[in-house]
Amino acid sequence: MTATMIAQLIEAGKMQWDDTVGKIFPDASMHEEWKTVTLWQLLTHTSGAPANFPKSVAFQSPELGAEATAARLEAVLDVIAEKPESKPGSEFEYSNVGFTIAGAMAEKVTGETWDALVKREVFGPLSLTSAGFGPPKSVDEKLEQPQGHTSVFGWKFGAGEEKDNTFIIGPAGIVHMSLQDICAY
């Protein structure tokens, strides 16, 4: 969803695949190697970004919208202040952080929240009426929506309808939708 939303912004001339972290966040205190990392590298998992944020980020629960955007920017600035985990452009390493940085870049360029951008650039044009953010909710106790699980000391338990990624890493994956809408997407 984030890559599709950003592609829409690129088509509209608001961003470019070769936009760099240094260009979008010129006043940020960042490690020298982050300055030339491109949007393309972030979205193709070749930026050198770590796979995930520290656990302290995962335990934060900001509200979707402006609160999550502010927390996202803070988490991103903490990452880019440090040296990338590998030389940017040198190797593929799946990274939720890279997609989060790309989402923060789109927010900075447009002045809009990531979720508002996804609604406008992806959900709207494709008429994805069931699409939303966070875990899907069941209408009643029949649990017609799938739920994840969590493991505690080797035992697996249903995660419930409130468990999902923190909205801080929304650009890396908090979207849900029906099978019909997935097919339209």
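As shown above, the structure is provided for reference.
The text that follows walks through the structure, step by step, so that each part is easy to find. (Residues numbered from 1 in each chain as written. Predicted model: local features only at pLDDT ≥ 70, side-chain atom pairs only at ≥ 80, totals over all residues. Heavy atoms only, no water.)

Going through the model one piece at a time under the given rule, you end up with three aromatic pairs. Joined through ring pairs, the aromatic side chains of Trp-114, Phe-123 and Phe-133 make up one cluster. (Phe/Tyr/Trp six-rings, centres within 6.5 Å; stacked < 30°, edge-to-face > 60°.)

Next up on the list: the environment of Val-79. Here Val-79 shows up in helix α5 (residues 66–80). Val-79 sits 22 residues away from Ile-101 along the chain, and the two C-alpha atoms are 9.1 Å apart. With near-sequence residues (within four places) excluded, Val-79 lies in contact with Trp-34, Pro-50, Phe-53, Val-97 and Ile-101. (Helix = DSSP H or I, 4+ residues; strand = E, 2+ residues; numbered from the N terminus. Contact = heavy atoms within 4.5 Å.)

To continue, consider the packing of helix α1 (residues 2–11) against helix α6 (residues 96–110). It is at 10 Å that the axes of α1 and α6 come closest, and there the two elements cross at 35 degrees. α6 is crossed by α1, and the crossing has left-handed handedness. On α6, the residues touching Thr-2, Ala-3, Met-5, Ile-6 and Leu-9 of α1 are Phe-99, Ala-102, Gly-103, Ala-106 and Thr-110. Considering only residue class, the contact of α1 with α6 consists of seven nonpolar, three polar and no charged. (Axes fitted to C-alpha atoms, helices over the stretch in contact; angles between N-to-C directions. Left-handed = near helix turned anticlockwise from the far one by under 90°. Nonpolar A, V, L, I, M, F, W, Y, C, P; charged D, E, K, R; others polar.)

Among the nonpolar cores identified, the biggest contains 41 residues, and Met-5, Val-21, Trp-34, Ile-101 and Met-105 are the most heavily contacted of them. Those elements that provide at least two residues to this core are α1, α2 (21–24), α3 (39–43), α5, α6 and α7 (114–126). It is α6 that contributes the most residues to this core, seven residues altogether. When near neighbours in sequence (up to four residues on either side) are disregarded, Ile-101 contacts Val-21, Trp-34, Leu-42, Val-76, Val-79 and Ile-80. (Core = buried A, V, L, I, M, F, W, Y, C linked by side-chain atoms within 4.5 Å. Buried < 20%, exposed > 50% of the residue type's maximum accessible area, 1.4 Å probe, protein only.)

A few words now on the packing of α1 against α7. Axis separation between α1 and α7 bottoms out at 9 Å; the angle between their running directions is 70 degrees. With respect to their mutual orientation, α1 and α7 come out roughly perpendicular. Between α1 and α7, the residues in contact are Thr-2, Thr-4, Met-5, Gln-8 and Leu-9 and Trp-114, Leu-117, Val-118, Arg-120, Glu-121 and Val-122, respectively. Classifying every residue of the contact of α1 with α7 by side-chain character gives six nonpolar, three polar and two charged. (Parallel < 35°, antiparallel > 145°, perpendicular 65-115°, else oblique.)

Scope: geometric values only; no functional claims are made or implied.
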